[in-house]
Amino acid sequence: MSSRSRRVSGVAAAVASLLAVTACTTTSAAPAPSASVGTAAPSAVASPVRPNIVLVLTDDLSKNLVPYMPNVLRMQKEGTTFTNYTVTDSLCCPSRASLFKGQFPHNTGIYKNHGSDGGFKLFHSRGQESSTFATDLRAAGYRTGFFGKYLNEYLPATSFEGGKPYVPPGWDQWFAGGNAYDNFNYALNENGVVKKYGKKPADYLTDVLSAKAADFIRTSQSPFMMEISTYAPHAPFTPAPRDADLFAGLKNPKGAAYDKLPQNAPAWLATHPRLNAQQKSRMDVEFRKRVQSVQSVDRMIGTLRETLTKAGVADRTVVMFASDNGYHMGEYTLPSGKQTAFDTDVNVPLVVAGHGVKAGQTVEAVVENTDLRPTFADLAGAPAPAEADGSSIRQLLAGETPAQWRKAALIEHRDPATDPADPDYEHDSINIPPTYDALRTATFTWVQYVDGTREFYDRTTDPNQLRNLAGTLPPARVAELEAAVKAMTACAGAESCRTAASAIN
């Protein structure tokens, strides 16, 4: 068989595997929470066990990379996949702040990666670290460990008032990096001591984090909670050396939205030029590197689950796989990037397996990254954090339907990343949207831009979001949607936000 044939065969097998999982688990689309039939593990709601929690958070991982991750596909078969998991912003620091706090950006105050309205420095100066899911779980008696990327602007040597390198409250074990996107030649703050790593294959960051996380499992007594936050597959998409020759000839997918403008595109996008040959060629290379770079993440997931099994705690551990935001590569004529309200950027993977999680289940309920903090507290038997805007998904994991659940997710994006020091800096401003607020339900997406432009995509008939119907909506419907955005962008606390998000039709 030729190398090209082997490549096509391998990609086809990966895609077929994903399709097989989807065919076995997916239910028909509906705006109300729903779950497909699957083999139920012991109900999380009924169980007295306080499970261990393992969160694997990736950086810029879009849904189209999942077919190349066999251990994630295995998690889908053995656990629950959320099809409408949405992030509060398609930008690293705002999304991560929402995850730590369980709050929308309008309550965290973190809208960017740097500067006066974003980044670690603002998060720290506002005292936000005094109350996060880490402090919740540590107070509940969990041993906590953090491994990898924290918040933009954080550096391993960061210290305050002449103290030792800073470790945020709530973490018993701390191994955090700074601008380690290349995965080589970086430093880690290892429990208050800065350690430097080089460029040997053994220094590849994802592998280093995997080894440290596995050791944390082996040395911990239950219950424990750990977050492993990889830099992969963020640009420059550096794969582990052993993966650098994989997927020869693989190119960027060219779906229905590739190099196409939506009908009635918003003002910022309407005059955007088509992709040129250089951009297309570059994205073909980048996509292959992104697939290569997630191989180490996938191996890490397999290693951690195997370690849990050998430690005898797999049956009382919940493992979560997610991303801080998605990534577009050529869709809507846009070269590689994020920050838009299109599904490529805001609708990301969330796969959960383990104790109390129903196997073979696909959940269509609208879930957001603000929900993870209250979920962790619920699993730990701790009170729901009063400041959190999200709600626990514990019942959804068990295959049960909550009495009331939101109908829409809120996305809040502010002025684009214009600081050249920002790892998400865009050299060409035409590729990034202006400030907007958006609603994403199970069936439609509504976007309000600061310049007055509106977008409405009916994803039941237009899943690729190529027909902007905002101009065809009756004035009463527009007013209804604008009122919903106003309510959601002002909500604070779970009940307030759930009520605002439940009134949307």
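Note that this is a predicted model, so its numbers are computed, not measured.

## Some remarks on the pattern of salt bridges
Evaluation of the coordinates by the stated rule reveals 26 salt bridges. Note that Asp 117 is salt-bridged to Lys 112, the shortest N-O span being 3.8 Å. Among the residues examined, Asp 117 registers a relative accessible area of 22% and is labelled partly exposed. Each of Asp 59, Arg 96, Lys 149 and Asp 324 takes part in a single network of salt bridges with overlapping partners.

## A few points about the sheet that holds strand β13 (residues 408-413)
Strand pairing in a sheet relies on backbone hydrogen bonds, with the paired strands running either antiparallel or parallel. Strand order in this open sheet of four strands is β13-β14-β15-β16, and the pairing throughout is antiparallel. A strand with exactly one partner marks an edge of an open sheet, and here the two such strands are β13 and β16 (454-458). Averaged over all pairs of adjacent strands, the angle between strand axes in this sheet comes to 10 degrees, irrespective of strand direction. Two elements, strand β14 (residues 436-441) and strand β15 (residues 444-449), share five bridges in a ladder whose sense is antiparallel.

## A short note on helix α14 (residues 494-502)
Along α14, the positions that sit buried rather than exposed are Cys 497, Ala 500, Ala 501 and Ser 502. The inward-facing, buried residues of α14 abut β13 and α13 (475-488).

## Looking at the packing of helix α7 (residues 205-218) against helix α9 (residues 277-310)
Two quantities define a packed helix pair, namely the angle between the axes and the distance from one axis to the other. At a minimum axis separation of 10 Å, α7 and α9 run at an interaxial angle of 10 degrees. Taken together, the axes of α7 and α9 lie roughly parallel to each other. Of the residues in α9, those touching α7 at Thr 206, Asp 207, Ser 210, Ala 213, Ala 214, Ile 217 and Arg 218 are Ser 296, Val 297, Met 300, Thr 303, Leu 304, Thr 307 and Leu 308. Class assignment of the residues belonging to the contact of α7 with α9 gives a composition of seven nonpolar, five polar and two charged.

## Focus on the sheet that holds strand β6 (residues 187-190)
The strand order across the open sheet formed by 10 strands is β7-β6-β5-β4-β8-β1-β9-β10-β2-β11, and the pairing between neighbours is mixed. Strand pairing shows two members of the sheet lacking a second neighbour, β7 (193-196) and β11 (361-363), which therefore form its edges. With direction set aside, neighbouring strand axes in the sheet form an average angle of 15 degrees. Bridge count for strand β1 (residues 52-58) against strand β8 (residues 224-229) is five bridges, and the pairing is parallel. Across the sheet, residue Val 56 finds its bridge partner in β8, namely Ile 228.

## Notes on the state of the cysteines
By definition, a disulfide links the sulfur atoms of two cysteines through a covalent bond. Applying the stated criterion across every chain yields a total of one disulfide. There is a disulfide in this structure between Cys 491 and Cys 497, and the S-S distance comes to 2.1 Å. As the torsion about the S-S bond is roughly 90 degrees, the Cys 491-Cys 497 disulfide counts as right-handed. Cys 93 supplies the cysteine sulfur nearest to Cys 92, a cysteine that is in no disulfide, at a spacing of 8.2 Å.

## Concerning the pairing of strand β4 (residues 143-149)
Burial analysis of β4 places six of its seven residues in the buried class, which makes it a mostly covered element. Examined bridge by bridge, β4 and β8 share six bridges and lie parallel to one another. Paired with Phe 147 across the strands is Ile 228, a residue of β8.

## What about the packing of aromatic side chains?
In this description, a pair of aromatic rings is defined by centroid distance and the angle of the planes. Counted according to the given criterion, the structure contains 31 aromatic pairs. Look at Tyr 68 and Phe 247: their rings are 5.7 Å apart centre to centre, the planes differ by 90 degrees, and that puts the pair in the edge-to-face class. With Tyr 68 in the loop between β1 and α2 (70-78) and Phe 247 in the loop between β8 and α8 (267-270), this residue pair connects regions lying 179 residues apart in the sequence. On the accessibility criterion, Phe 247 (23% relative accessible area) is partly exposed. Seen from their ring centres, Phe 342 and Tyr 457 are 5.8 Å apart, and the 50 degrees between their planes marks the pair as tilted. Taken together, the positions of Phe 342 in the loop between β9 (317-323) and α10 (343-346) and Tyr 457 in strand β16 put the pair 115 residues apart, joining distant regions of the chain. In terms of burial, Phe 342 and Tyr 457 fall into one category: buried. A connected cluster of aromatic rings, assembled from ring pairs, spans Phe 100, Phe 120, Phe 133, Phe 146, Tyr 150, Tyr 154, Phe 160, Tyr 166, Trp 171, Trp 174 and Phe 376.

## Here we look at unusual backbone geometry
Ser 222 connects to Pro 223 through a cis peptide bond whose omega is 0 degrees. Tracing the backbone shows Pro 223 in the loop between α7 and β8. Note the cis peptide between Ala 235 and Pro 236, where omega equals 15 degrees. Note on placement: Pro 236 falls in the loop between β8 and α8. One non-glycine residue, Glu 153, lies in the positive phi region at around 90 degrees. Summarising the element assignment, Glu 153 is placed in the loop between β4 and β5 (173-177). With relative accessibility at 18%, the residue Glu 153 sits in the buried group.

## Section: the environment of Asp 462
With respect to the helices and strands, the residue Asp 462 is situated in the loop between β16 and α13. For the pair Asp 462 and Phe 444, spaced 18 residues apart in sequence, the C-alpha to C-alpha distance is 9.2 Å. Sequence-distant contacts of Asp 462, that is, excluding residues within four places in its chain, are made with Tyr 457 and Arg 467. One polar contact links the side chain of Asp 462 to the main-chain amide nitrogen of Leu 466, over a distance of 2.9 Å.

## Describing α7
Across its 14 residues, α7 extends 20 Å between first and last C-alpha, which sits within 8% of the 20 Å expected from 1.5 Å per residue. Buried residues dominate α7, accounting for 10 of its 14 residues. The set of residues buried in α7 consists of Leu 205, Thr 206, Val 208, Leu 209, Ser 210, Lys 212, Ala 213, Ala 214, Phe 216 and Ile 217. Those residues of α7 that are buried lie in contact with β4, β5, β6, β8 and α9.

## Topic: the confidence of the model for the protein
In the predicted model, the protein carries a mean pLDDT of 91, and the fraction of residues at 70 or more is 88%. Confidence drops under a pLDDT of 50 for residues 1-47, and excluding neighbours within four residues, the segment shows 75 contacts in the predicted structure.

## Considering the side chain of Gln 292
Mapped onto the elements, Gln 292 comes out in helix α9. Those residues within four positions of Gln 292 in sequence are excluded, and the remaining contacts are Pro 239, Asp 243, Ala 244, Asp 245, Leu 246 and Phe 247.

Rules of the game
Within each chain, residue numbers correspond to sequence positions counted from 1 in written order. Per-residue local features are limited, in this predicted model, to residues with pLDDT of at least 70; the limit for side-chain atom pairs, both in listing and counting, is 80 or more; totals at the level of whole chains, interfaces and linings are taken over all residues. The basis for every side-chain value is the complete set of heavy atoms in the structure, and neither hydrogens nor water enter the calculation. One side-chain nitrogen of Lys or Arg within 4 Å of one carboxyl oxygen of Asp or Glu is enough to make a salt bridge. Burial classification: accessible surface area is computed with a 1.4 Å probe over protein chains only, and a residue below 20% of its type maximum counts as buried, one above 50% as exposed, and the rest as partly exposed. When DSSP finds two or more bridges between a pair of strands, those strands are recorded as paired. Strands are runs of DSSP state E lasting at least 2 residues, helices are runs of H or I lasting at least 4, and numbering of each runs from the N terminus. Axes here mean lines fitted to C-alpha atoms, for a helix over just the part in contact, with angles spanning 0 to 180 degrees between N-to-C directions. Every residue pair with non-hydrogen atoms within 4.5 Å of one another is taken to be in contact. Angular relationships are summarised with four words: roughly parallel below 35 degrees, roughly antiparallel beyond 145, roughly perpendicular across 65 to 115, and oblique for the angles in between. Residue polarity follows a fixed list, in which Ala, Val, Leu, Ile, Met, Phe, Trp, Tyr, Cys and Pro are nonpolar, Asp, Glu, Lys and Arg are charged, and the others, Gly among them, are polar. Two cysteine sulfur atoms make up a disulfide if the distance between them is within 2.5 Å. To pair, rings of Phe, Tyr and Trp, with the six-membered ring standing in for Trp, must have centres within 6.5 Å; the planes then decide the type, stacked if under 30 degrees apart, edge-to-face if over 60, and tilted in the middle. Two N or O atoms form a polar contact when they lie within 3.5 Å of each other; inside protein one atom must be a possible hydrogen donor and the other a possible acceptor, and for residues adjacent in sequence the pair counts only when both atoms belong to side chains. Expected span of a helix, by definition, is 1.5 Å for each gap between consecutive residues, and there is one gap fewer than residues. pLDDT runs from 0 to 100 and stands for how confident the predictor is about each residue.

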